[in-house]
Amino acid sequence: MVYAPMEPRAYANLIVSIFVTAGLIILILSVSFSGQGLGGSKGTVDSIDKWPIGNLGEDVILSCKFKTSTNSRESTSQVSITWTKEGLSEVVYKYDKGAVQLTEQNPQFKNRTLLFSDAIGGGNASLLLRDVKVGDNGVYYCSVSTPSCSGTASVNLRAAAFSAPKFKRVNTTLTAEAERWFPKPNVTWLDVNDNVLNESETSFFNNSAGITRFISSLQPIKLYGSYTCIIQNPLVKAVSQATVKDTEISARTFFSFNTSAAPPILLPQWHVLAATASVFLWIYQLI
């Protein structure tokens, strides 16, 4: 039997179809096996908050959770949890087989770290870090090992300082003052229609620790009106709404945090590479 040669257009459509099919196969395999080991029986270690922001002088929790393949509680005598920080040779905190081991702890974290011991058996390896300092900035690693789960999660802690402003009015001048901001913020005033008000003046004062205090004054204002003071640095944004009613001022502040991060770079796993090689071999044979 003699086959007629394919038209160039039909040949091009075949090639496109092959590449689309190959892409779908690779995508399905990637999703199906994502996060699993070679046998697919291992549990996972992860963080629900990979980019936390700690308020200087206050406590922060570095999230770390581990999940076993059976979803059963682990015996704490079989759990090993080690927290380390990028750039440091000593550990931040170590828990091994039911006991805390801090002989190799970095002095920076002495008396400042704690695990939630009652929650370890349920898969909680989160670390409580007390009295956040600027030097605590950086990437932390939570490594967990149990009979049915092993892995490491990373947490990027960013230290900041933020506080809600206090408002006062003198004649036709409305003043906002906040005691603790780091890094140094920008201050913007808006009217009730969210129009930027340029009739303001802001002064900044830094203490010995580099924490910024500011006083921002807006004038003239109406004796009955609503104004918004926006305080923002690269990590934290505070939106303070102040309502003036003659001599009375009511205010409320909402904080939001910059949780954006660069998307992770995912390296192909063995099964994806194998599928890719098989598909391209198939394409080569068809051509």
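Scroll up for the structure.
Analysis parameters
- Counting starts from 1 at the beginning of each chain's written sequence and moves along it residue by residue.
- For this predicted model, a pLDDT threshold of at least 70 governs which residues receive local features, and a threshold of 80 or more governs which side-chain atom pairs are given and counted, while totals over whole chains, interfaces and linings are taken from all residues.
- The side-chain numbers reported here are obtained from all heavy atoms of the structure, hydrogens and water having been left aside.
- To count as a disulfide, a pair of cysteine sulfur atoms needs to be within 2.5 Å.
- Each helix is a run of H or I in the DSSP string that is no shorter than four residues. Each strand is a run of E no shorter than two, and both are numbered from the N terminus.
- Three labels apply to residues, based on accessible area from a 1.4 Å probe with only protein chains included: buried if under 20% of the type maximum, exposed if over 50%, partly exposed otherwise in between.
- For this analysis, residues touch if any pair of their heavy atoms sits within 4.5 Å.
- In this description, strands pair whenever DSSP reports at least two bridges between them.
- Axis geometry follows a simple rule: fit a line to the C-alpha atoms, using only the stretch in contact for helices, then measure angles between N-to-C directions, giving values from 0 to 180 degrees.

A. Molecular detail of the state of the cysteines. Under the counting rule described, the total for this entry stands at 1 disulfide. One disulfide in the model links cysteine 64 with cysteine 142; its S-S distance is 2.1 Å. Taking the sign of the S-S torsion, -80° for the link of cysteine 64 and cysteine 142, the bridge is left-handed. One end of the pair, cysteine 64, is in the loop between β3 (60-62) and β4 (65-67); the other, cysteine 142, is in strand β10 (residues 138-146), with 78 residues separating them in the sequence. Assessed through its relative accessible area of 0%, cysteine 64 is described here as buried.

B. Examining the side chain of asparagine 55 more closely. By the secondary structure assignment, asparagine 55 is in strand β2 (residues 53-55). Relative accessible area serves as the criterion here: at 7%, asparagine 55 is assigned to the buried category. If near-sequence neighbours (up to four positions away) are discounted, asparagine 55 is found in contact with Val132, Ala160, Ala161, Phe162 and Arg180.

C. Quick peek at unusual backbone geometry. Backbone torsion omega between phenylalanine 182 and proline 183 reads -10°, so that peptide bond is classified as cis. Mapped onto the elements of the fold, proline 183 is located in the loop between β13 (173-181) and β14 (186-190). In the segment running from glutamine 219 into proline 220, the intervening peptide bond is cis, with an omega of -5°. Looking at the element boundaries, proline 220 is found in the loop between β17 (212-218) and β18 (224-232). Backbone geometry at aspartate 131 places phi at a positive 50°, although glycine is not the residue there. Within the secondary structure, aspartate 131 is located in the loop between β9 (127-129) and β10.

D. Looking closely at the sheet that holds strand β16 (residues 200-206). With respect to topology, 4 strands assemble into an open sheet ordered β12-β13-β17-β16, the strand pairing being antiparallel. Among the strands making up the open sheet, the edge pair consists of β12 (166-170) and β16. On average, each strand axis in the sheet is tilted by 15° relative to the strand beside it, whichever way the strands run. Alignment of β16 against β17, held across 7 bridges, turns out to be antiparallel. Counterpart to serine 203 in the pairing with β17 is isoleucine 215.

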